[in-house]
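Each chain, written out:
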Amino acid sequence: MLTNRRLQVRFFDTQDGLYDCTWNEANQDQIAGASADGSVKLWYMNSSDAFPIANYHEHEQEVSSVDWNIVSKDLFVTASWDNTSKVWNPMMPNSMMTVMEHAYCVYNAIWSPHSATSFVSCSGDNTVKVWHRLECRSLLQANRSFRLQGAPNRRRAALLSSP
């Protein structure tokens, strides 16, 4: 009977806690993890050891979330308690973009499932912000009273709907 057994395919041990993880959308054997030590770790499922193949350490505090872009498949976004979100390409040694408009910890950042260039972040500053990968400022912001700031104009609408 297999009810009490668990099949463990692979494990990756870390010294600090992990808050989030995501599969690489282009490579089924890669996983990215958001770490309490402020790093983002990239593991390869078929490696001979349990060490990450990449360890990005640009955030100044805990990394609270990581999300792979399901449209372009070559980028991931992170959120951190240092009030920032960063966009990464695993083929590059450093982040491609850092956005810094939040006034408190950024708890989550996720890509739009419909756009290769737009992502959203939410923060303890009671805001949700919509970002475009090619601009270092938010396109839209909703505060805790659900009022939109920066109401969409044609350019913003075009950026948000671009693939």
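Located above this text is the structure these notes cover.
Here the residue numbering is sequential within each chain, running from 1 through the sequence in written order. Only residues with pLDDT of at least 70 are given local features in this predicted model, and only at 80 or more are side-chain atom pairs given and counted; all residues enter the totals for whole chains, interfaces and linings. Excluding hydrogens and water, the side-chain values take into account all heavy atoms of the structure.

As a further point, take the pattern of salt bridges. Salt bridges are counted wherever a side-chain nitrogen of Lys or Arg sits within 4 Å of a carboxyl oxygen of Asp or Glu. Per the stated rule, a full pass over the model turns up 3 salt bridges. As a salt-bridge pair, lysine 41 and aspartate 37 come within 3.7 Å of each other at their nearest N and O atoms. Exposure classes here rest on a 1.4 Å probe applied to the protein chains alone. A residue is buried below 20% of its type maximum, exposed above 50%, and partly exposed in between. Relative accessible area serves as the criterion here: at 10%, lysine 41 is assigned to the buried category. Across the salt bridge formed by glutamate 101 and lysine 129, the nearest N and O atoms sit 3.4 Å from each other. Within this pair, whereas glutamate 101 is found in the loop between strand 8 (97-99) and strand 9 (106-111), its partner lysine 129 is found in strand 11 (residues 128-132), the two being separated by 28 residues in sequence. By relative accessible area, which is 32% here, glutamate 101 ends up partly exposed. Secondary structure counts use DSSP, requiring at least four H or I residues in a row for a helix and at least two E residues in a row for a strand, with both numbered from the N terminus.

Any two rings among Phe, Tyr and Trp, with Trp reduced to its six-membered ring, count as a pair given centres within 6.5 Å; such a pair is stacked if its planes are under 30 degrees apart, edge-to-face if over 60, and tilted if neither. The tally for this structure, following the rule as stated, stands at 7 aromatic pairs. Ring geometry for tyrosine 56 against phenylalanine 76: centres 6.2 Å apart, planes inclined by 55°, an arrangement best described as tilted. One end of the pair, tyrosine 56, is in strand 4 (residues 54-56); the other, phenylalanine 76, is in strand 6 (residues 76-80), with 20 residues separating them in the sequence. The exposure classification of tyrosine 56 matches that of phenylalanine 76, with both residues buried. For phenylalanine 76, a relative accessible area of 0% corresponds to the buried category. Among the aromatic side chains, those forming a connected cluster through ring pairs are Tyr56, Trp68, Phe76 and Trp88.

The rule for pairing is simple: two strands pair if DSSP sees at least two bridges between them. Ordered in space as 1-2-3-4, the 4 strands form an open sheet in which the pairing is antiparallel. The open sheet has two free edges, formed respectively by strand 1 (18-23) and strand 4, since each of these has just one partner strand. If you compare each strand with its neighbour and ignore which way they point, the axes differ by 20° on average. As paired elements, strand 3 (residues 40-44) and strand 4 share 3 bridges and run antiparallel to each other. Looking at strand 4, one finds that valine 40 is bridged to tyrosine 56. Lines fitted to C-alpha atoms define the axes here, with helix axes fitted over just the stretch in contact, and angles between the N-to-C directions of these axes take values from 0 to 180 degrees.

With that settled, consider the environment of phenylalanine 51. Within the secondary structure, phenylalanine 51 is located in the loop between strand 3 and strand 4. Note on phenylalanine 51: relative accessible area 59%, which makes it exposed. The spacing of phenylalanine 51 and lysine 41 is 10 residues in sequence and 9.2 Å in space, taken between C-alpha atoms.

In this section: the pairing of strand 1. For strand 1 and strand 2 (residues 30-35), the ladder comprises 5 bridges, and the chain directions are antiparallel. Following the sheet pairing, tryptophan 23 is matched in strand 2 by isoleucine 31. What sits between strand 1 and strand 2 in their antiparallel hairpin is a turn of 6 residues.

Limitation: the analysis is restricted to geometry and does not speak to function.
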